[in-house]
Amino acid sequence: GIMTECLLCKEQIKEKGSFLQLFLLKKEGPSCCSTCYQKFECISEEHCPQCFRNGKSDLCTDCQKWEKEGNQVQHQSLFTYNEAMKNYFSQYKFQGDYALRFVFAKATKKAVKMFREHTIVPIPVSNEKFQVRGFNQVQGILDAGNLSYRNILEKKDTLAQSSKTREERLQTQQAFKIKNGVDLPDKILLVDDIYTTGKTLQLAKQILLEAGVKEILTFSIAR
């Protein structure tokens, strides 16, 4: 039989099943074993209806804050940001393990297929991060799922978000700009890796709405 190696624990994936299933597994690209994949926690049915925060089916405090400021949140996510997810992103983004783009390729592909009328636009990374990492982690996952997208936004270079307090982050002015000379689609699905406060996506959304985009929905792998 064909042996494939788990992207995360590097053990051989011994898939039960036929040669055909293994052949299809190979065709979809590298994968991770079910033991590793089960460590990721799907967002439950009980979640904030607007931002998919796990564990509450009424409007969360973050979304209430956004609404007070006149910002609508229309977000969907797949997984909670648990320990396994934290480790995954640390290995993928900070250790630059590009092969890990395949871990969530299938789940992402399935999820964004529901947004048929929307053009996928990944959230860009800053030039410094791109140079260090060599890739945009969101585009990597979209590429691994063979999804088409358009790079419409670019990042203005600012201080690393992580070195600021929440207050400072929220006060930071616009972090994005629209690339010169692009034709904007009417409907956009903004895709990011992790949704924390929602600030990044709100800033990207704001600049696109101002430029005349009619509808903007947002999506992230983790929440």
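No experiment lies behind these values; they were computed from the predicted model shown. (Residues numbered from 1 in each chain as written. Predicted model: local features only at pLDDT ≥ 70, side-chain atom pairs only at ≥ 80, totals over all residues. Heavy atoms only, no water.)

(A) View of the overall build of the chain. Counting its secondary structure elements, the chain contains nine helices and eight strands. Looking at the chain as a whole, 45% of its 223 residues are labelled buried. Considering only intrachain contacts with a sequence separation of at least 6, the fraction spanning at least 24 residues in the chain is 70%. Here the chain has roughly 12400 Å² of accessible surface; of this, 50% comes from carbon and sulfur atoms. (Helix = DSSP H or I, 4+ residues; strand = E, 2+ residues; numbered from the N terminus. Buried < 20%, exposed > 50% of the residue type's maximum accessible area, 1.4 Å probe, protein only. Contact = heavy atoms within 4.5 Å. Areas by Shrake-Rupley, 256 points an atom, 1.4 Å probe, with all protein chains shown as cover.)

(B) Seen up close, the nonpolar core. Counting residues in hydrophobic clusters, the biggest one holds 37 residues, and the most contacted among them are Phe40, Phe79, Met85, Tyr88, Val103, Phe104 and Leu189. At the level of elements, β3 (75-79), α4 (83-94), α5 (105-112), α7 (137-144), β7 (187-194) and β8 (215-222) are the ones that each hand at least two residues to this core. The greatest single-element share of this core, amounting to five residues, is contributed by α4. Apart from residues lying up to four places away in sequence, phenylalanine 104 is in contact with Tyr37, Phe40, Phe79, Met85, Tyr88, Ile141 and Ile221. Grouped together as the second largest cluster of nonpolar side chains are 22 residues, Leu153, Phe176, Tyr195 and Val213 included. (Core = buried A, V, L, I, M, F, W, Y, C linked by side-chain atoms within 4.5 Å.)

(C) Focus on the environment of glutamine 76. With respect to the helices, strands and loops of the structure, glutamine 76 is situated in strand β3. Its relative accessible area of 27% is what places glutamine 76 among the partly exposed residues. Residues glutamine 76 and cysteine 51, spaced 25 residues apart in sequence, show a C-alpha to C-alpha distance of 6.1 Å. Among all residues touching glutamine 76, those that are not within four sequence positions of it are Phe52, Phe115, Thr218, Phe219 and Ser220.

(D) Region of the structure containing empty space enclosed by the protein. Inspection of the entire model under this criterion finds two cavities of 30 Å³ or more. In this structure, the largest cavity occupies an estimated 50 Å³ of space. Taken together, Gln72, Val73, Gln74, Tyr195, Gly198, Leu201, Gln202, Lys205 and Thr218 make up the lining of the largest cavity. Of the residues forming the lining of the largest cavity, the biggest block, three residues, is contributed by helix α9 (residues 199-210). Partitioned by chemical class, the residues of the lining of the largest cavity number three nonpolar, five polar and one charged. (1 Å grid on protein atoms, 1.4 Å probe; cavity = no way out; pocket = protein on both sides within 12 Å on 5 of 7 lines; lining within 4 Å. Points joined across faces, edges and corners; volume = space filled by probe spheres on them. Nonpolar A, V, L, I, M, F, W, Y, C, P; charged D, E, K, R; others polar.)

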